[in-house]
Amino acid sequence: MLGVYFHIPFCRHACHYCDFHFSTLLKNKEEVIDCMHVELGRRKEEWSHSELSSIYFGGGTPSVLNENEFKKLFDPLALGISNTTEITVEVNPEDVTLPFLNKMRAFGVNRLSIGVQSFFDDDLHGMNRKHSGQEAETAIKRAQDVGFENLTADLIFGIPHSSTSKFLMNIEKLFSFSLPHFSSYALTIEEKTVFGKWEKQGKLVEVPDERMESEFFLLHELSEKAGYEHYELSNYARAGQRSVHNSNYWKGIPYVGIGPGAHSYSHGNRKWNVSNNNEYVRSIRSEDGRYYELEKLREIDILNERLMTGLRTKEGVLWNEFPSSWREEHANVLEEWQRKQWIKQDEQGFSLLPVGWLISNNLISYLFLTHED
Ligand code: SF4
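Residues numbered from 1 in each chain as written. Predicted model: local features only at pLDDT ≥ 70, side-chain atom pairs only at ≥ 80, totals over all residues.

**With respect to the nonpolar core**
What counts, and what does not: The nonpolar core is taken to be a set of buried Ala, Val, Leu, Ile, Met, Phe, Trp, Tyr and Cys residues joined by way of C-beta atoms within 7 Å. Think of it as a crowd count around each C-beta: if 20 or more other C-beta atoms lie within 10 Å the residue is buried, if 12 or fewer it is exposed, and in between it is partly exposed, with C-beta placed from the backbone throughout. Each domain's extent is set by a domain assignment, obtained either automatically or from a database. Throughout, a residue-residue contact means that the two C-beta atoms, derived from backbone geometry, are no farther apart than 7 Å.
Judged by nonpolar contacts, the single largest core of 82 residues is most densely connected at Val4, Phe6, Met36, Leu112, Ile114, Ala153 and Ile258. The two domains that each donate at least three residues to this core are domain 1 (2-249) and domain 2 (299-367). Ignoring sequence-local partners within four residues, the contact set of Val4 consists of Trp47, Leu52, Ile55, Leu77, Tyr255, Val256 and Ile258.

Shown next as structure tokens:
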């Protein structure tokens, strides 16, 4: 089993909160996609011997690609795609036109991830999103009408200048579409973004932790009542509808990442491509140019990664994945966390409870292994 991830490093505009790798210089798009096609060919040995469990177009904004550009990335993979391959494309609502949806179906795309974020125009405008709430609704309905059953949407919580009551209305609106899956992320203010600059200048104040927490718990409770399983810190699914791509990533199943800024992982080897479109193109074009960094993970790094990814999931981690000395070393603190209802543990292993998820970074770093046994 193997996943392929395409990082499409282009957006038509920059959202005020986003610190992903992307460029708004769309005139370079064709050249970057050509180089991604070259990278895919050069790395054929890595992906051509496995059944593809998932293909994921993320970014950036994959829906800015035209038909020819999608074709350059899909065609080489044709033989690895089966009728069980989950093929996801992230889309912005303003791009979800009928011709676009038909094009996606013709390519065999069977899952769309729609970047809704909020259904309120003032929230969207404040974050410099370029679609309206109505366009987000239309995008979901249109995708459903043309037969996309496997849809997911993103909602943001903790939006500055918004409120918990508006977030509640966003949840209710989202649930009215009966999607099989959705994701929800906290809006964090990152230094190199417009929001980061405004915060430094005193024009924007970070949302208080209490509001963040209440919105996180509100969503957790309402989603469970509505029949969704909160299966990962930021992800919710109906039974049998978890994201294959992300679930495999959390389980440590290999994936090949193509494009500027994309990461790859295979059996303890991590690879990450340069996060700069021009440098990526230059390196790919120069044949021997190095467009990536490689790291061979030590056993201890693999275990720490297992902790980080496993504890973000509902299943958590298994005791037998870790040295028994590590469990003994942390037995008291884990008992205490269990009393505080941050975690639950049993004979098999342990996992974080929703309160623990809120402080997961602190808890996980406390548990990191620091020496090999
Ligand atoms: S949030 Fe999405 S659309 Fe907005 S800048 Fe970031 S990657 Fe682009």
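After that view, the rundown keeps rolling.
**Topic: the pairing of strand β4 (residues 111-117)**
Our working definition: By definition, any uninterrupted DSSP run of H or I lasting at least four residues is a helix, any uninterrupted run of E lasting at least two residues is a strand, and each is numbered from the N terminus. By the convention used here, strands pair only if DSSP detects at least 2 bridges between them. With its strands directed away from the observer, a crossover is right-handed exactly when the path from the first strand over the helix to the second travels clockwise.
Counting buried positions along β4 gives 7 out of 7 residues, so the element sits mostly inside the fold. Both faces of β4 are covered, namely the face carrying Arg111, Ser113, Gly115 and Gln117 and the face carrying Leu112, Ile114 and Val116. Relative to β4, strand β3 (residues 86-91) runs parallel, the two sharing 4 bridges. Across the sheet, the residue bridging to Thr88 is Arg111, located in β4. Regarding topology, helix α4 (residues 98-106) serves as the crossover connection from β3 to the parallel β4, and that connection is right-handed. As paired elements, β4 and strand β5 (residues 151-157) share 4 bridges and run parallel to each other. The residue bridging Ser113 from the neighbouring strand is Thr152, located in β5.

**So, the site of the ligand**
Under the convention used in this document: Whether a residue is near a molecule or strand depends on its C-beta atom, placed from the backbone, lying within 6 Å of it. Each residue gets one of three labels, nonpolar for Ala, Val, Leu, Ile, Met, Phe, Trp, Tyr, Cys and Pro, charged for Asp, Glu, Lys and Arg, and polar for the others, Gly among them.
In the vicinity of the ligand, the residues found are Cys11, Ala14, Cys15, Cys18, Phe20, Phe22, Gly59, Gly60, Thr61, Asn92 and Gly115. When its residues are assigned to classes, the shell around the ligand shows 6 nonpolar, 5 polar and no charged.

**What to know about the packing of helix α1 (residues 29-42) against helix α3 (residues 67-74)**
Helix-helix packing: each pair is described by the crossing angle between the helix axes and the interaxial distance. Note the threshold: Note on geometry: axes are lines fitted to C-alpha atoms, helical ones only across the stretch in contact, with angles between N-to-C directions running from 0 to 180 degrees. When an angle is under 35 degrees it counts as roughly parallel; over 145 it counts as roughly antiparallel; between 65 and 115 it counts as roughly perpendicular; any other value is oblique. For any helix crossing, the convention is left-handed if the near helix is rotated counterclockwise from the far helix by under a right angle, and right-handed if that rotation is clockwise.
Where α1 meets α3, the axes come as close as 9 Å, and the angle between the chain directions of the two elements is 15°. It follows from the interaxial angle that α1 and α3 lie roughly parallel. Considering how the two elements wind past one another, α1 and α3 form a crossing that is left-handed. Residues Lys29, Glu30, Ile33, Asp34, Met36, His37 and Leu40 of α1 form the contact with α3, whose own contacting residues are Glu69, Lys72 and Leu73. Taken together, the residues that form the contact of α1 with α3 break down as 4 nonpolar, 1 polar and 5 charged.

**Description of the domain arrangement of the protein chain**
According to the domain assignment, the protein chain contains domain 1 (2-249) and domain 2 (299-367). The centre of domain 1, based on its C-alpha atoms, is set 29 Å off from the matching centre of domain 2. Opposite the 8 residues of domain 1 that make contact, domain 2 presents 7 residues. Those elements giving two or more residues to the side of domain 1 that touches domain 2 turn out to be α9 (209-225) and β7 (229-232). Examining the composition of the side of domain 1 that touches domain 2, we find that 4 residues originate from one element, α9, more than from any other. The residue inventory of the side of domain 1 that touches domain 2, partitioned by class, reads 4 nonpolar, 2 polar and 2 charged.

**Considering α1**
Helical geometry note: an α-helix holds 3.6 residues per turn, so side chains three or four residues apart project in the same direction. The test is simple: By this rule, a helix spans an expected 1.5 Å times one less than how many residues it contains. Summarising the geometry, the arc corresponds to the directions from the helix axis toward the C-beta atoms.
Relative to the 20 Å expected for 14 residues at 1.5 Å per residue, α1 spans 20 Å between its end C-alpha atoms, a close match to the ideal helical length. Turning to α1, its buried residues number three or more, namely Val32, Ile33, Cys35, Met36, Glu39 and Leu40. Buried residues of α1 fall within an arc of 160° about the axis and therefore sit on the same side. Residues of α1 that are buried make contact with β1 (2-8), α3, β9 (255-258) and α11 (277-285).

**Looking at the packing of helix α7 (residues 164-175) against α9**
For the pair α7 and α9, the least separation of the axes is 10 Å and the interaxial angle reads 25°. Taken together, α7 and α9 sit at an angle that is classed as roughly parallel. In this structure, α7 crosses over α9, and the sense of that crossing is right-handed. Within the contact between the two elements, α7 uses Thr164, Phe167, Leu168 and Ile171 and α9 uses Arg211, Ser214, Glu215, Leu218, Leu219 and Leu222.

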